[in-house]
Amino acid sequence: MLDTSKWPTIELDVLKEVHLDPKNVRLEIADAKVEADIIEDLFVNEDALGLVEGICKIGYLTHETPVVLKRRGKYVMVEGNRRLAALKAIQNPMLVPDFQARISAQASVLPDRTALSKVRVMVAPNQTEADQLIAAIHTGNLRKAWSPSRQAAFFQAQIDSGRKLSDLLVRYPTIDVRKFVFRAHIINLFKSVKYEDAELQDFLATKKWARGLSTLARIYESKEFLALTGLAMDTNGDISKTISDATFKDIATAIVRGMFEENINTRSLNSVSSPRYTQLMKELRQIVADANDVAAPAGGTGPTAGSGGASGGATTTGAPGGTGGTTGTGGTAGPGGTTGTGSGTGSAPTNEPTTKKAPPAKKKKPRNLDLGQVKAPDSYPEALKSLLGELSEVDVQKFPNGTFLMTRAVLEKSIKAFAEAKSIDIKATGNNQNGRVQLGHALNWLLDYVKTNGPTYLIQVIEGVRTGKLVVYTNSGDSLNAINHNHHFMVDADQAFSMWASIDSLMRHLMKP
């Protein structure tokens, strides 16, 4: 067993008494002999300059002691070469000509750079034991890295204890503090939502949620999401947003539901052009648009309410006090008049023309199918997931027949994927023609399966699509075949939307094998 407690500890001059290891595994150059080449390699390929910055701004951390070994009468650094390279460069920036100006600029903030001229090291008894320690440090798991949420929680705890973001930026100059504090605020925003579904509320307390925070980051760090919600953090570390709490709740529910059902994850959101990301953003844009429609005023401005007295408190001449508006505290009435003191509810007469109420805005026709609740699980083929994403983006008003064709393909492929997930070969059940399974065969199999296994509410849905007897013709399987084979058959946008509405509940079920 390795026991480093017995290794002696000494202090060495970084320039004169300790040397970089030419056998260091970090080096890109093979078996470098000249120390100038070694230090240049560490700056070019191992970001030793970043360590110079950290030492100059924060200080030299001594919680981990470098390890040296004596070779041919000289001390060689076997563990801590990057630190030694940084310390050497701070003492003499000319050792790294290509980085000299930057090193000098960083070192200029040090009150006394000679304080870093010596380094405390442990002396390993031999190469074998030194190698054991190096392997344990660099290839083992002795130190567990903080998860993203734990990193954010550290800085959130700093904020909660009264420290300002500006203070943290000074205290931790080499760390992206703003990123971690912003992440913590976002996590807290999602946690603060009162979700309607208890299962979602419980989900936020699970390890599955914690493990999915990298997925959440892919969403809230995207420019499109930030522009949609207006989420931003000011210099004090306070979060603001341009949408209402109710709208954010709807957005959070859609995202958390996707994470809970596992159709939103790092694989499905592997880029901002992935079908699932595109579909999610469309869904979130619709949520915000719907909220804006509700919040918009219905029409024009009504007439101004009357004020008490004939002129809101002016002296009247031979006229009774007014009956409208807010309380009037009129002056003395003229002959035959009364002082206006009314707080009546009517509208005072006015010579100004009455503003006509604007007609209600014409409701825009939807342009895309709503696939918000139709999300393929990870186990389904990529071809189907891509097709669903493309279908969600098609402009139905512009391409109704293309939409109808894609709907047919999506339905057939979804049934086949559902059967495959159940380890069922539709062809082997007798539903085929010359060994080929088409939409009609898939619907026949699904009807038999649902009759046996449920849910029973889908029986009529499938019957309706399969035969067309329970619905209009354009919502039937025959029409889906016609759009694919009959060169005289066509549909309009309303029929395309109607077709999708008739299979929506069926599609949702097929996504949950």
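Every value quoted in this text rests on a predicted model; they were computed, and no experiment measured them.

The rules behind the values
- Residues numbered from 1 in each chain as written.
- Predicted model: local features only at pLDDT ≥ 70, side-chain atom pairs only at ≥ 80, totals over all residues.
- Heavy atoms only, no water.
- Helix = DSSP H or I, 4+ residues; strand = E, 2+ residues; numbered from the N terminus.
- Contact = heavy atoms within 4.5 Å.
- Areas by Shrake-Rupley, 256 points an atom, 1.4 Å probe, with all protein chains shown as cover.
- Buried < 20%, exposed > 50% of the residue type's maximum accessible area, 1.4 Å probe, protein only.
- Salt bridge = Lys/Arg side-chain N within 4 Å of Asp/Glu carboxyl O.
- Pairing = 2+ DSSP bridges.
- Expected span 1.5 Å × (residues − 1).
- Axes fitted to C-alpha atoms, helices over the stretch in contact; angles between N-to-C directions.
- Phe/Tyr/Trp six-rings, centres within 6.5 Å; stacked < 30°, edge-to-face > 60°.

Can you walk me through the overall build of the protein chain in this structure?
Within the protein chain, the regular secondary structure consists of 21 helices and seven strands. Partitioning the contacts of the protein chain with sequence separation of at least 6, the portion at a separation of at least 24 is 61%. Of the accessible surface of the protein chain, which amounts to about 28500 Å², a share of 52% is contributed by carbon and sulfur atoms.

Explanation requested: helix H11 (residues 213–220) in the structure shown.
Of all eight residues making up H11, six are buried, and the element is well covered by its neighbours. Every buried residue belonging to H11 is among Leu-213, Thr-215, Leu-216, Ala-217, Ile-219 and Tyr-220, and all of these are buried.

Whenever I open this one, the pattern of salt bridges confuses me. Can you help?
Pairing of side chains with opposite charge becomes possible as their charged atoms draw close. Under the criterion given, the structure shown has 19 salt bridges. With a closest N to O distance of 2.4 Å, Glu-224 and Arg-285 form a salt bridge. With Glu-224 in helix H12 (residues 223–229) and Arg-285 in helix H14 (residues 275–295), this pair connects stretches of sequence that are 61 residues apart. Residue classification places Glu-224 among the partly exposed positions, given a relative accessible area of 32%. Among the salt bridges present, the one from Asp-504 reaches Arg-508, with a minimum N-O distance of 3.0 Å.

Help me understand the pairing of strand S5 (residues 118–123) in this model?
If a strand is regular, its side chains alternate between the two faces of the sheet. Bridge count for strand S1 (residues 9–13) against S5 is five bridges, and the pairing is antiparallel. Within S5, the position partnered with Asp-13 by the bridge is Lys-118. The pairing of strand S3 (residues 67–71) with S5 spans two bridges and is parallel. In the sheet register, Val-68 faces S5, and the bridge partner there is Val-123.

It is not clear to me how helix H8 (residues 177–192) should be interpreted in this structure. Could you clarify?
Since the α-helix advances by 3.6 residues per turn, residues separated by three or four positions end up pointing in the same direction. A rise of 1.5 Å per residue sets the reference length of H8, with its 16 residues, at 22 Å; its end C-alpha atoms lie 23 Å apart and thus fit the reference within 8%. Taken as a whole, H8 has its buried residues at Val-177, Phe-180, Val-181, Phe-182, Arg-183, Ala-184, His-185, Ile-186, Ile-187, Leu-189 and Phe-190.

In this structure, what is going on with the sheet that holds strand S2 (residues 18–20)? I would like to understand it.
As a general point, the strands of a sheet are linked pairwise by backbone hydrogen bonds and lie either parallel or antiparallel. Strand order in this open sheet of five strands is S1-S5-S3-S4-S2, and the pairing throughout is mixed. Each edge of the open sheet is held by one strand with a lone partner, namely S1 and S2. Each strand of the sheet is rotated relative to its neighbour by a mean of 50°, with strand direction disregarded. Lying over the sheet, helix H3 (residues 81–91) contacts S2, strand S4 (74–79) and S5, oriented at roughly 115° with respect to S2.

Whenever I open this one, the packing of aromatic side chains confuses me. Can you help?
The geometry of two aromatic rings is summed up by the distance between their centres and the angle between their planes. Within this structure, the stated rule accounts for eight aromatic pairs. Aromatic pair Phe-182 and Tyr-220: ring centres 5.9 Å apart, planes at 70°, arrangement edge-to-face. Residue Phe-182 is located in helix H8, and its partner Tyr-220 is located in helix H11; the two are separated by 38 residues in the primary sequence. The two residues Phe-182 and Tyr-220 agree in class, both being buried. Both rings, one in Phe-203 and one in Trp-209, keep their centres 6.1 Å apart while their planes meet at 75°; by these two values the pair is edge-to-face. Taking the relative accessible area as the measure of exposure, Phe-203 reaches 4% and is therefore buried. Residue classification places Trp-209 among the buried positions, given a relative accessible area of 3%. Among the aromatic residues, those joined into a cluster by ring pairs are Phe-203, Trp-209 and Phe-260.

What am I meant to see in the pairing of S4 here?
The pairing of S2 with S4 spans three bridges and is parallel. When the sheet's bridge partners are listed, Val-18 is paired in S4 with Tyr-75. One ladder, built from five bridges, connects S3 with S4; its direction is antiparallel. Note on S4: the bridge partner recorded for Val-68 is Met-77. Hairpin connection of S3 to S4: two residues between the antiparallel strands, including Arg-72 at a positive phi of 50°.

Keep in mind that these numbers describe shape and distance, not what the molecule does.
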